[in-house]
Amino acid sequence: MPASAHTIAAELRRRLPGLGTKKLHKLLYYCQGHHLATFDRPLFAETISAWDMGPVVGSLWRDEKNGDTPEPAAELGEAELNTIGYVISRYGNLTGNDLERLTHSETPWQWADASRAPGGSTTIRHDWIKNYFQTEGAAIDGPVLDTAQVRGWLHEAAANHQPGPVDSVEALRARLTASA
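Remember, predicted model here, so these are calculated numbers, not experimental data.

Some remarks on the overall build of the chain
Next, step 1: When its secondary structure is counted, the chain shows 9 helices and 3 strands.
Next, step 2: Buried positions account for 37% of the 180 residues belonging to the chain.
Next, step 3: Counted over contacts in the chain with a minimum sequence separation of 6, partners at least 24 positions apart contribute 73%.
Next, step 4: Counting only carbon and sulfur atoms, one obtains 54% of the accessible surface of the chain, whose full area is about 10300 Å².

Here it is in structure tokens:
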């Protein structure tokens, strides 16, 4: 089951302190796009719509405007965290205005915008987003990775992951004291 946009937004804000609203919504769009293209499933459940300023998760925008910001409901898995990390590494240095211009040049927003009245909104369909990020929106600076290949790598990584013991605060303090 996909996470909520609130949970993904909280992680983006944790990694990018001071993240503005416009940039947040564009990064959410890019997270959804890259996750759909790689894993064939949405990263978060909420829809993305074409607004004047580009893609926006309308329900999240309204909730935050009204002061309704629920706590993240779930822990994110490795695939979700990797998607967020990738998007931040690829788009994180761009401004909200840069991202707005970029999204306006991409077919998912353009297709939705074609049927949108000025000042209105129209849903950007998942199949448009997925198709775009599997083709034109795929990694520019590297090979387009086969979804099955990426799934295989992640499955292998998960199978080989050997979690170590969880340190307590006391154990960490003891190690720090011993090394000083």
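Re the nonpolar core
Next, step 1: If you look at the biggest cluster of nonpolar residues, it comprises 34 residues, and the most contacted ones within it are I8, L12, L27, L28, F44, I124 and F133.
Next, step 2: Among the secondary structure elements, those contributing two or more residues to this core are α1 (5-15), α2 (21-39), β1 (48-51), α4 (78-91), α6 (107-114) and α7 (126-134).
Next, step 3: Broken down by element, this core gets its largest block of residues, 8 residues, from α2.
Next, step 4: The residues contacting F133, other than those within four sequence positions of it, are Y29, Y30, G33, H34, A37, Y91 and A138.

With respect to the sheet that holds strand β3 (residues 122-124)
Next, step 1: The strand order β2-β1-β3 describes an open sheet built from 3 strands, whose pairing is antiparallel. Each having just a single partner strand, β2 (54-56) and β3 make up the two edges of the open sheet. Sheet twist, expressed as the average angle between the axes of neighbouring strands with direction ignored, equals 45°.
Next, step 2: Pairing analysis gives 3 bridges linking β1 to β2, with the strands arranged antiparallel. What sits directly across from W51, in β2, is G54.

Regarding the packing of aromatic side chains
Next, step 1: This model, assessed by the stated rule, comprises 7 aromatic pairs.
Next, step 2: Taking 5.6 Å as the distance between ring centres and 65° as the angle between the ring planes, the aromatic pair formed by Y29 and F133 counts as edge-to-face. In this pair, Y29 is assigned in helix α2 and F133 in helix α7, connecting sequence segments 104 residues apart.
Next, step 3: Classification of F133 as buried rests on a relative accessible area of 3%.
Next, step 4: Pairing W111 with W128 gives two aromatic rings, centres 5.8 Å apart and planes at 75°, and the pair type is edge-to-face. Of this pair, W111 sits in helix α6 while W128 is found in helix α7, placing the two residues 17 residues apart along the sequence.

Conventions we followed
Residues numbered from 1 in each chain as written. Predicted model: local features only at pLDDT ≥ 70, side-chain atom pairs only at ≥ 80, totals over all residues. Heavy atoms only, no water. Helix = DSSP H or I, 4+ residues; strand = E, 2+ residues; numbered from the N terminus. Buried < 20%, exposed > 50% of the residue type's maximum accessible area, 1.4 Å probe, protein only. Contact = heavy atoms within 4.5 Å. Areas by Shrake-Rupley, 256 points an atom, 1.4 Å probe, with all protein chains shown as cover. Core = buried A, V, L, I, M, F, W, Y, C linked by side-chain atoms within 4.5 Å. Pairing = 2+ DSSP bridges. Axes fitted to C-alpha atoms, helices over the stretch in contact; angles between N-to-C directions. Phe/Tyr/Trp six-rings, centres within 6.5 Å; stacked < 30°, edge-to-face > 60°.

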